[in-house]
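# Topology and contacts: notes
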Amino acid sequence: MDEMEAIKATFFQECEELLADLEVGLLAMQAGPADGETVNAVFRAVHSIKGGAGAFGFEGLVRFAHVFETLMDGLRSGKIEQSSDLVAALLRAADLLADLVEAARGGAEAEDDRTGAMAAELQVLIEGGESAGSMSAPAAGEAAGELDAPFSFQPLGASSPCEAEAPFTPLAVLPLDGPAGDAGPVAWSIAFRPRASLFHNGNEPALILRELERLGPATITLDASSVPPLASLDPEASWLSWEILLTASCEETEIREVFEFVDGDCDLSISRAGEDAPAEADTDAAFAALLASIQDPPAAAVDPDVAPPVMAPPVVAAPVSRPVVAKASTDPQVAAPQATIRVDPERIDRLIDLVGELVINQAMLAQRVMESGLSPSSAVSVGLDDLEQLTREIQESVMAIRAQPVKSVFQRMPRLVRETAAMTGKQVRLVTDGENTEVDKTVIERLAEPITHMIRNAIDHGLETPEARIAAGKNPEGMVRLAALHRGGRIVIEVADDGAGINRRKVLAIATDRDLVAADAQLSDEEIDNLIFLPGFSTATQVSDVSGRGVGMDVVRRSIQALGGRISIASRPGEGSTFTLSLPLTLAVLDGMVIDVAGHTMVAPLSAIVESLRPKPEDVRRLGPTGMVLAVRDTHVPLLDIGCVLGFRTEAPPASDRVVLLVEAEDGSRAALVADGIHGQRQVVIKSLEANYRQVPGIAAATILGDGRVALILDVDAVMTLRPPGASRAAESTLIAAE
Amino acid sequence: MKQTILTVDDSRTMRDMLRLALVAAGYRVIEAIDGVDGLQVLTGEKPDVIITDINMPNLDGFGFIEAVRKDVAWRGTPILVLTTESDAEKKARARDAGATGWIVKPFSPDKLVQAIRRVAA
Amino acid sequence: MTDPVEHCVNDIFEMISFRIGEQEFCVDIMAVREIRGWAPATPLPQTPSYMRGVINLRGAVLPILDLAARLELPSSEPSARSVIIVIDAGGRLVGLLVDAVSDILSVSRDAIQPPPDIACDPVRNFIRGLMSVDGRMISQIAVERILPEVETLAA
């Protein structure tokens, strides 16, 4: 990767961290008046984003961050007072800033009315806050000036608000001669007399004079006449001055720039000496004279190309000890760097893959040993048991490296809540719990979407309007609680609201109306609540902008089940609803049932299996021309031969002398999948089919078994919908409804 | 001999950009993530130039410069501060604290190296 | 990475040639990751008939493509002498099932001619060029095109 691209990637990574810091800081401010360090941290986050954005020419981002920063600066200095309205505005500004960062990452600078309006709002807050004090703060004036400029994308370099130089390129080609210009050389007369303060800041006249020579040939004359006799010489004072005659094709500003750092620390006069410039100045001699004059004892002439040593002012206190850490204003323990290392995630993924190989290899070896007929008490078998134990421990430790707290997902939710609340006109408080609960990275990445959906749903459908809540004797502000915890080797996420609870009558009416259940079906409260997960069910009378872009909870359920997870709802009228979703802690391994299907070894995810049974011949019944159902206690479920569904065979052998897996799918519907045999349960390492091939219908992924062969992992949901030709959808829905 | 430059900035992005430009220009670069870290680094290194940011946690640029200048070993060491805009107030404060000069962000490598040349042999 | 121009030296390409029935084919050696013997593949449901299934390639799941079937040539059951050529087809690894590997050829760019315009889909789609070596005609496979398109899944 190009080095600048790498730094840009770092910038966006850093932005994510800064935006998270920003949000944490603002939320702390929301909770009550924050201390100076919190405000400072928020300021720094915005400031750093702005700094990086400027370097990459994200003009729109820089403009907006600048106004934001100015406001934070006002808060920091106490010119602007903290208020809840102000913090609310800052939170929205932070959201917008995140959007602008995202837009910049996408390559386009999204500039819209929203940005302009938000910037104007912040500007009002800046001016409102400062009108009480003085309006002299330069930052405020600057920001006000910038607002006149339209919020539109401008290429870098064109009227940048932050004096953008030419685009940053890593190539540093230095002009060693004076800049070429059309105008002929001009002779400049410069008088330069440093004051003592110039030396105190580490400036060095010789270097400034050397810089000046880069502009063109110069005659430098040292005036050392005011140097007192050595006995009375104060080494920290300034006794020297220079007259310089410079011939260069440059503007006065370029000369002034050389003296930029010593402005105020010297007497400086620059004037044109006249049109006739001296042809060639004896710079070497002049420079040698200069060096000789400031060196003690006097040294021989030095070539100007050789860097002169820094020696002014001469430090009288000769012994130079190693510097001691100066007393910092903060507790050193706080500042101690964290003992963490940064590792490329790809390396960890690779390590996890390798450990997966190790697990497979260990299983293969164990199988070979068993097949060889060695006694379980033989030294080899005992050694293998130890190996298995070790392998498992290594696997757990390695998985722990990749485990991350769910915080990264939870942190995105306050914003979602704010936006959804604003859109629905509801008042919402979000409470989070267990955000340090850890789960594998593969799962974290897949959590955001279902959680987003459930929270939107809780606000949109769960919580009442403030008026309705007041009427019900509740706090007008509703509460949504998002929690994470570990339970039984899985991660459990709960999204609870204190709203009205599910309106079961309405849900049942809709479900009946849409033929999702039979009109005379007798359903328990729990069954009614879970109807909302049925495909095509949506309680919103119109397709709501908020809860789902037209998709319902069935989509949430499907995506969770695709991960080997489960979702359920519990609701109490008037008190609210709780969605509970549980997921495996990792998507790298899976607990599965190893089965035989038409001569192939396959794996069915244990999470989908309710039970396995051997059907009695009288429980298997025909339905319609080709359909088969199985009576399981008092219900009938569709009976599907896995081999036929996947197309491995066309004719299914009788189910009664084989094995049935009773499985449950996305919509809570069940099916009986017929396999030819069961080999038992085991943990398998999940291997992607898509990495080298593509998705295969009915197959979730692959794994490698103890014999080294690839076995396919069933996608139970897909198998249930992949009906062999002939089975009608109508029969299917009747069956589900009758359940 | 290569000159050594200490960069002190809490932003990884900015540290990386400085490193890229400075290494290309032939300097050796050492880094610190804030003022406290910077002082720590100075116990074991002797940079020829120090470039520091102003807004940093733990110990900001002003505090860092003051602490550096208090030590006689660093009295003459050039210190350049990074400022985001040409903010006269910040420059003045930095100079009062003992800064030698400043670099306005965003910087081009040329401007960066020019600023260093103006303060370091 | 499929463009041979990137890695040819003095316009000489190295090819691995192999046989399917009576015909000879070759692939650019830069695309070949390894060559291995035939091992029974796990069949995939609902896939084109030229996909033989998947095998375990040191922990990765490697799809096996019956090149004869893909080229619509008569395909026979793999034997112990059959060979799998593992190639990198645009970032994805795929194993090509062929009858036998015959040679490594050095071919100059000039010796490769475009396939004649005959109205035959497999040739048009999967043959990049033709070359003549010791009087034999060898067809170069366009490796990046032989995997089924991801989009066809929905069909």
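Rules of the game
Residues numbered from 1 in each chain as written. Chains lettered and ligands numbered in written order. Predicted model: local features only at pLDDT ≥ 70, side-chain atom pairs only at ≥ 80, totals over all residues. Heavy atoms only, no water. Helix = DSSP H or I, 4+ residues; strand = E, 2+ residues; numbered from the N terminus. Buried < 20%, exposed > 50% of the residue type's maximum accessible area, 1.4 Å probe, protein only. Contact = heavy atoms within 4.5 Å. Pairing = 2+ DSSP bridges. pLDDT = per-residue confidence, 0-100. Axes fitted to C-alpha atoms, helices over the stretch in contact; angles between N-to-C directions. Salt bridge = Lys/Arg side-chain N within 4 Å of Asp/Glu carboxyl O. Buried area = accessible area lost by both parts, 1.4 Å probe. Polar contact = N/O pair within 3.5 Å; in protein donor to acceptor, adjacent residues only side chain to side chain. Nonpolar A, V, L, I, M, F, W, Y, C, P; charged D, E, K, R; others polar. Parallel < 35°, antiparallel > 145°, perpendicular 65-115°, else oblique. Left-handed = near helix turned anticlockwise from the far one by under 90°. Core = buried A, V, L, I, M, F, W, Y, C linked by side-chain atoms within 4.5 Å.

## A few points about the environment of Cys266(A)
Residue and element names in this part refer to chain A. Mapped onto the elements of the fold, cysteine 266 is located in strand β4 (residues 266–274). Residue class for cysteine 266 comes out buried when judged on its relative accessible area of 7%. Residues cysteine 266 and arginine 193, spaced 73 residues apart in sequence, show a C-alpha to C-alpha distance of 5.4 Å. Setting aside residues up to four positions removed in sequence, cysteine 266 forms contacts with Phe192, Arg193, Pro194, Arg195 and Leu198.

## A look at the pairing of strand β19 (residues 670–675) of chain A
All names here are of chain A. Most of β19 sits inside the fold, with 5 of its 6 residues counted as buried. Across 3 bridges, strand β17 (residues 635–641) lies against β19 in parallel orientation. Residue leucine 639 lies in a different strand from β19, and its bridge partner there is alanine 672. Relative to β19, strand β18 (residues 659–664) is paired through 6 bridges, and the arrangement is antiparallel. Along β19, the bridge assignment pairs valine 659 with alanine 675.

## A look at the confidence of the model for chain A
Residues and elements named next belong to chain A. With 77% of its residues at a pLDDT of at least 70, chain A reaches an overall mean of 75. Within chain A, no element has a lower average pLDDT than helix α23 (residues 729–738), which sits at 37, and none a higher one than strand β22 (residues 710–714), at 93. Of the regions scoring below 50 in pLDDT, residues 275–283 engages in 11 contacts with residues more than four places distant in sequence or in other chains. A low-confidence stretch, residues 724–739 (pLDDT under 50), is modelled with 18 contacts involving residues beyond four sequence positions or located in other chains.

## Observations regarding the sheet that holds strand β1 (residues 4–8) of chain B
Residue and element names in this part refer to chain B. With parallel pairing, 5 strands are arranged side by side in an open sheet as β2-β1-β3-β4-β5. Either end of the sheet is taken by a strand with one partner, and the two such strands are β2 (28–32) and β5 (101–104). Strand-to-strand twist in this sheet, taken as the mean axis angle between neighbours without regard to direction, amounts to 25 degrees. As judged from the 4 bridges shared by strand β3 (residues 49–53) and strand β4 (residues 79–83), these two strands associate in the parallel manner. Residue pairing in the sheet places aspartate 53 in a bridge with leucine 82 of β4. Packing of helix α2 (residues 35–42) onto the sheet brings it into contact with β1, β2 and β3, and relative to β2 it is tilted by some 130 degrees.

## Digging into the pattern of salt bridges
Residues and elements named next belong to chain A. For the structure shown, the criterion picks out 45 salt bridges over all chains. Ionic pairing is found between arginine 92 and glutamate 121, a salt bridge with its closest N-O pair at 2.9 Å. Residue arginine 92 is found in helix α4 (residues 84–105), and its partner glutamate 121 is found in helix α5 (residues 113–131); the two are separated by 29 residues along the sequence. Residue class for arginine 92 comes out partly exposed when judged on its relative accessible area of 39%.

## Here we look at the interface of chain C and chain A
It is common to give the size of an interface as the accessible area lost on bringing the parts into contact. At the junction of the two partners, chain C supplies 25 residues and chain A supplies 23 residues. Regarding the contact of chain C and chain A, the summed buried area is about 2100 Å², with carbon and sulfur atoms giving 61% of it. Linking chain C with chain A are 0 salt bridges, by the criterion used here. The tally of links from chain C across to chain A stands at 5 residue pairs in polar contact (both at pLDDT 80 or more). Counting residues per element, the side of chain C that touches chain A draws most heavily on strand β4 (residues 51–57) of chain C, which supplies 4 residues. In terms of residue class, the side of chain C that touches chain A is made up of 16 nonpolar, 6 polar and 3 charged.

## Observations concerning unusual backbone geometry
Despite not being glycine, Asp515(A) has its phi angle at roughly 60 degrees, a positive value. In this structure, Asp515(A) sits in the loop between α18 (504–513) and α19 (525–529).

## A short note on the packing of helix α3 (residues 59–77) of chain A against α4(A)
Residues and elements named next belong to chain A. Their axes nearest at 10 Å, the elements α3 and α4 cross at an angle of 155 degrees. One element, α3, and the other, α4, form an angle in the roughly antiparallel class. Judged by the sense of rotation from one axis to the other, the crossing of α3 with α4 is left-handed. Only Leu86, Leu90, Ala93, Ala94, Leu96, Leu97, Leu100, Val101 and Ala104 of α4 make contact with α3, whose side of the interface consists of Leu61, Phe64, Ala65, Phe68, Leu71, Met72 and Leu75. Among the residues forming the contact of α3 with α4, the class breakdown is 16 nonpolar, no polar and no charged.

## Notes on the nonpolar core
Membership of the largest hydrophobic core comes to 94 residues, with the highest contact counts inside it found for Leu22(A), Phe64(A), Phe68(A), Leu90(A), Ile51(B) and Ile116(B). With sequence-adjacent residues up to four places away left out, Leu90(A) is seen in contact with Leu26(A), Met29(A), Phe68(A), Leu71(A), Met72(A), Leu75(A) and Leu122(A). Listed in part, the 69 residues of the second largest apolar core include Ala702(A), Ala31(C), Val32(C) and Val61(C).

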